[in-house]
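# Examination of the molecular architecture
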Amino acid sequence: MKKIITKCLFPAAGYGTRFLPATKAMPKEMLPVLNKPLIQYGVEEALDAGCHCMAIVTGRGKRAIEDHFDISYELEHQIQGTDKEAYLKDVRSIMESCTFSYTRQKEMLGLGHAILTGETLVGNEPFAVILADDLCVSEQDGVLAQMVGLYKKYQKSIVAIQEVAMSEVDKYGVISGREIEEGIYEVDFMVEKPSMNEAPSNLAVIGRYILTPDIFDILRETKPGKKGEIQITDALLKQAQNKGVLAYKFKGKRYDCGSIDGFIQATNALYNKLKD
Ligand code: UTP
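About the cut-offs
- Residues numbered from 1 in each chain as written.
- Predicted model: local features only at pLDDT ≥ 70, side-chain atom pairs only at ≥ 80, totals over all residues.
- Heavy atoms only, no water.
- Near = heavy atom within 4 Å.
- Polar contact = N/O pair within 3.5 Å; in protein donor to acceptor, adjacent residues only side chain to side chain.
- Areas by Shrake-Rupley, 256 points an atom, 1.4 Å probe, with all protein chains shown as cover.
- 1 Å grid on protein atoms, 1.4 Å probe; cavity = no way out; pocket = protein on both sides within 12 Å on 5 of 7 lines; lining within 4 Å.
- Sits in = over half its atoms within 2 Å of the grid points.
- Nonpolar A, V, L, I, M, F, W, Y, C, P; charged D, E, K, R; others polar.
- Buried < 20%, exposed > 50% of the residue type's maximum accessible area, 1.4 Å probe, protein only.
- Helix = DSSP H or I, 4+ residues; strand = E, 2+ residues; numbered from the N terminus.
- Pairing = 2+ DSSP bridges.

Okay, the site of the ligand next. Not every one of the 18 residues close to the ligand is listed here, only the nearest: Gly16, Thr17, Arg18, Gln105 and Gly110. Within the backbone of Pro11, one N or O atom sits 3.1 Å away from an oxygen atom of the ligand. Taking Glu29, its side chain carries an N or O atom lying 3.5 Å from an oxygen atom of the ligand. Protein contact buries 83% of the 560 Å² of open area that the ligand shows by itself. Spatially, the ligand is embedded in the largest pocket. Among the residues forming the shell around the ligand, the class breakdown is nine nonpolar, five polar and four charged.

See the structure below:
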C-alpha cells in the first residue's frame, strides 16, 4: 500500500552559533523574518504539503518554540475584541489545523542524531523533514509540497538540491547521480561538506527531505563523521547505494537564515513582496 506523508519533523536543537549573541537565550528558529518566526514559515510549508502532525526536536533553551504554538491566555484576553486580534489570526489557525509533539535532543550530536531522536514522534512511516533556518519561498506550490508530489510517484527518500558556486560546496552535503527526469537525479554518491576538489558536483542539499523509515536503523549504525557529528548525509549514502534516494532541484528560492547574509536577503525579499 502506498504510504502518504502526514508527519513533518523539525530538527531544532542546534545551537545557532552563527547568530550569537542573538541565539544565546533565544532559539534560532524564533528569529523573525518580518513579524513571523522562522519555524512558523516551516510549519506553514508543511501544512501546505498536507502534513498535519508537526514533530519538533528541541533542546535546552528552546521552550519559546512550544509557547509560540500554544495559547497565551493573558495576552489573548487582553486584546480580545480589539483590532489587534487580527495579528494572531494566522498562528491561531495553524494551531487549529495541526498537532504538535516535542522531544528533546539531550546532546547536540549532529543533524543525523537529531533525526534519530525524532523517531519516537515519527514511528515507522515515511516522513518529511524541514530545517526551519532554510526559508524557502515559491511562486506556486511550496517546496515540500513539490517533494510530496514526487514521493507519491517514486516512494523513495528525496533530498532537495540547488546548484551552488564551487567555492561554497564545503558548506553543504553534495550529491552526484543520474538525471532520470528533468531536475530529478537518482543519487549514487553523496558527501558532507567536501572540499572543492573532493566535491562530486555543485549540487548541494538544502534543508528539505523526505525520508523512508529504514533511515532510523541506518542512523543507529552510523558513526560520527565530519565535525564528529552523526551526519544524515552518511546515512543517506547507505540508502543511495540501494538506489533508495532521489535528489530534486526544487522550484523556488531558498534563503539560509542561519547566516546573517541569508537572513537579511530573506527579510528584504519578503518585505519587497509585502509592499508590491
Ligand atoms: P546547523 O549546523 O545549520 O545548525 O544544523 P546550528 O548548529 O544550529 O547552527 P550553527 O552552525 O551553530 O550556526 C542544521 C539543522 O540541524 C539542527 C539545527 O537546529 C538546524 O536546524 N540540528 C543540528 C539539531 O537539531 N541538532 C544537532 O545536534 C545539530
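Quick look at helix H1 (residues 38-48) now. Taking burial as the measure, the 11 residues of H1 include nine buried ones, the bulk of the element. Residues Leu38, Ile39, Gln40, Tyr41, Gly42, Val43, Glu45, Ala46 and Leu47 constitute the buried set of H1. The positive-phi residue at the C-terminal boundary of H1 is Gly50, with phi of around 95°.

Within strand E10 (residues 184-192), seven of the nine residues are buried, leaving the element largely enclosed by the surrounding structure. Sheet topology places strand E9 (residues 173-181) next to E10; eight bridges connect them, and they run antiparallel. Note on E10: the bridge partner recorded for Val174 is Val191. Two successive antiparallel strands, E9 and E10, enclose a turn made up of two residues, where Gly183 displays a positive phi of approximately 80°.

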